[in-house]
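Spelled out, the chains give:
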Amino acid sequence: MSSGNGGTGLGAQLYGLLPEVYRTRDNGDLRDYLGSCGEVLDLVRGVMAQRLADAFPDHPDAQGWTLPYLAELLDVKLLSPAEPEQRRELSQAVSLRQRKGTPGSVAQVAQDVGQYAWDTEDPRNEPSEPVYLQEGWRRVAVTPRVGQPLLPPESLGALPLPAGAPARRHPALPAATVDLRYRSRKVALPPRGDGSSRPPLQENVHGIPAAPGHFDDVSRRTPDLRRPSARQGQVHPKRVAVFTLPRVGFFPPGWEFGDTRPLPVPPESSRVLPRRRLGPLPPEPESGDYVLENLVLDGENVIVGNRPLVMRNCVIQGSVYIDAFDTAHVIEDSIVTGIVTKNLGNELVVRRSALGHLQLEAGLVDVVGATVEDSLLGSLESTALIALLSVTVLGSMDVARCFANDSLFAGSVTPHPGVGNCFRYCRLPEAALGAYTVAGQPAEAYACTSEVPRFRATAFGAPGAGVLSSDSGARLLDGAEDGGELGAYRHRRYALRDEAVLARLRESLPAGMSAILVPDERLGLALPVVTPPST
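Figured I'd write up the structure that's included with this text. (Residues numbered from 1 in each chain as written. Predicted model: local features only at pLDDT ≥ 70, side-chain atom pairs only at ≥ 80, totals over all residues. Heavy atoms only, no water.)

**Digging into the overall build of the chain**
Applicable threshold: To qualify as a helix, a DSSP run of H or I must reach at least 4 residues; to qualify as a strand, a run of E must reach at least 2; elements of each kind are numbered from the N terminus. Throughout this description, buried means an accessible area under 20% of the type-specific maximum (1.4 Å probe, protein chains only), exposed means over 50%, and partly exposed covers the range between. Here, residues are in contact when the closest pair of their heavy atoms is within 4.5 Å. Residue burial considers only the protein chains on display, and all accessible areas are found by Shrake-Rupley using a 1.4 Å probe.
Helix and strand counts for the chain stand at ten helices and 24 strands. Along the first, second and third principal axes, the C-alpha set of the chain runs to 95 × 80 × 55 Å. A burial count over the chain gives 44% of its 535 residues as buried. Counting contacts in the chain only where the partners sit at least 6 residues apart, residues at least 24 apart contribute 42% of the total. For the chain, the accessible area works out to roughly 27100 Å², and carbon and sulfur atoms hold 55% of it.

In structure tokens form, the structure reads like this:
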């Protein structure tokens, strides 16, 4: 039915195209008729526009359910766990297939599928190269051949030799003996005269490595026949080492300072959340919600006594005490290094946050006092019922009653069996798991494991805290209900992304070649700037 005003789409356009005499004599019936026709034409145009958008995976209006059909049409396996990366896979399928097996395509696949870049608060802390490729055959010691022409150093990614340097230092020579007089490292060069940047180069290729085993170690060695891993088996003619930025979780470098650039800063429409900045703590209002957003507080405590707390995208280097009666509270995308205490009030909801210690001082075991989702906790203590979904607790946990799913409890757990707990697809210490699965009593733990987790860092606040390393057990890396990893980073799909990268590289590399993912924290350090020597 028409709305009676000619509509706002094609109906209004049709009515505007009529001669003025018809619009003047119209009593409204003609307007309504054209409005009804316009509504049908709007629907037809919308269907045609949607069909056009669905034909292009990188179109912002393309529907996600069409991606598998487009992948089948282009003969592409969608291996990425998230829809944005799947769209990127499809849009780059043809170009990557044309460059299949080249170092550039391998690095691009690892960067696009793995999403190893850090989302730092200060863009000056963001590394320029999240992925670095090192072909194993280039590091295998070989016998030099007499008369073989030497390529220029720049074509090998090496710094030119200074004038008068002996010929034995030429980077193209396959020398396997390390020259202890020089230090080998990756360096940056000053920008060109027009301001454009130069690619980094290797200094003293035959020198002693500044950091053995890292991405800038190019020393030649005999083939490593051991089982390949992040620590061994990389120097082999049939292997490719893909050095990546390590996963840092909730704590990228500089998280405690926020954005320290001087104002004003240019807008960034591509960021999901604004950058946090250091600022004063606003007072609690007399009415409405107590809203804290995009804020960094250094050494200040937040005390909530009257109004509902709504904290989004904040860093509180202190504690939060909630004592507001009969109100609900929300903490999202935030970091609190101290204690978050809830004494009074209704349910506390925590999403995608890191809390040093969560404590519920009052509550009932049959009423949910807090719901925590996709979050990292240093420790947990509660006298009330608490619901945990994809949560990692690094330290101790003492909860009167708990509903947990896809969660990981790395520290000690004080069991309280027989009160109606429910642990599904979780990691529990062996003693606690045994207490919740006593024979002859209703089981309170289902599909759980007691495998010991291995984290990149165990200290709360350190980069990589609570992030499972790649050598953790399979029940931890794919033991969630949906096949993902257990704990706080299930929503970021770290383990699934690494698996997708390796699966995609198996298709991209030549037959017989294999890839090794090597997390390297040195990729996050700024390269030293040197001036090219005069030749």
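**As for the nonpolar core**
For clarity, the cut-off: Joining through side-chain atoms within 4.5 Å is the link that ties buried Ala, Val, Leu, Ile, Met, Phe, Trp, Tyr and Cys residues into a set, and such a set is a nonpolar core.
Core analysis: the biggest nonpolar cluster contains 43 residues, and L358, I386, L388, F409 and F423 have the highest contact counts within it. When residues of this core are assigned to their parent elements, the largest contribution, five residues, is made by strand 18 (residues 380–393). The residues touching L358, leaving out its near neighbours within four places in the chain, are V340, L348, V372, L377, S379, L380, E381 and I386. Formed by 22 residues, the second largest nonpolar core is a distinct cluster that contains W255, L408, V467 and L468.

**Digging into the side chain of T371**
Among the secondary structure elements, T371 is positioned in strand 17 (residues 368–377). Here T371 falls in the buried class, since its relative accessible area comes to 15%. Excluding its chain neighbours within four sequence positions, the residues that come into contact with T371 are E347, L348, V349, V350 and A387.

**Things to note about the pattern of salt bridges**
In plain terms, the rule: Each salt bridge in this description consists of a side-chain nitrogen of Lys or Arg and a carboxyl oxygen of Asp or Glu lying within 4 Å of one another.
Under the counting rule described, the total for this entry stands at 28 salt bridges. Shared partners join several salt bridges into a network, and the residues in it are E293, R312, E332 and R351.

**Observations concerning a nonpolar patch on the surface**
What counts here: Candidate patch residues must exceed 30% relative accessible area and have no salt bridge, after which like charges are joined if within 9 Å and Val, Leu, Ile, Met, Phe, Trp or Tyr side chains if within 5 Å.
On the surface, a cluster of nonpolar side chains totalling about 280 Å² of accessible area is made up of L14, L17 and L41. Counting through the fold element by element, L17 comes out in helix 1 (residues 10–17).

**Focus on the environment of R275**
Spelled out, the test is: The definition of a polar contact used here is a pair of N or O atoms within 3.5 Å, where within protein one atom must be able to donate a hydrogen and the other to accept one, and adjacent residues in sequence count solely through side-chain atom pairs.
Position of R275 relative to the elements: it lies in the loop between strand 5 (239–244) and strand 6 (277–278). Owing to a relative accessible area of 11%, R275 belongs among the buried residues under this scheme. Separated by 21 residues in sequence, R275 and V296 place their C-alpha atoms 10.0 Å apart. If near-sequence neighbours (up to four positions away) are discounted, R275 is found in contact with T120, E121, D122, P123, E126, D259, R261, E268 and N294. Among the polar contacts made by the side chain of R275, one reaches the main-chain carbonyl oxygen of T120 at a distance of 2.6 Å. Here the side chain of R275 touches E121 through a polar contact of 3.0 Å, landing on its backbone oxygen.

**Quick word on the packing of aromatic side chains**
What counts, and what does not: Only the six-membered ring of Trp is used, alongside the rings of Phe and Tyr, when aromatic pairs are assigned; centres must lie within 6.5 Å, and planes under 30 degrees apart are stacked while those over 60 apart are edge-to-face, with the rest tilted. Any Lys NZ or Arg CZ found within 6 Å of a ring centre and within 35 degrees of that ring's normal is scored as a charge over the ring.
One pass over the structure, following the stated rule, counts nine aromatic pairs. Three or more aromatic residues joined by ring pairs form one cluster here, namely F250, Y489 and Y494. The ring centre of Y182 lies 3.8 Å from the NZ or CZ of R169, which sits over that ring. We note R492 situated over the ring of F250; from NZ or CZ to the ring centre the distance is 4.9 Å.

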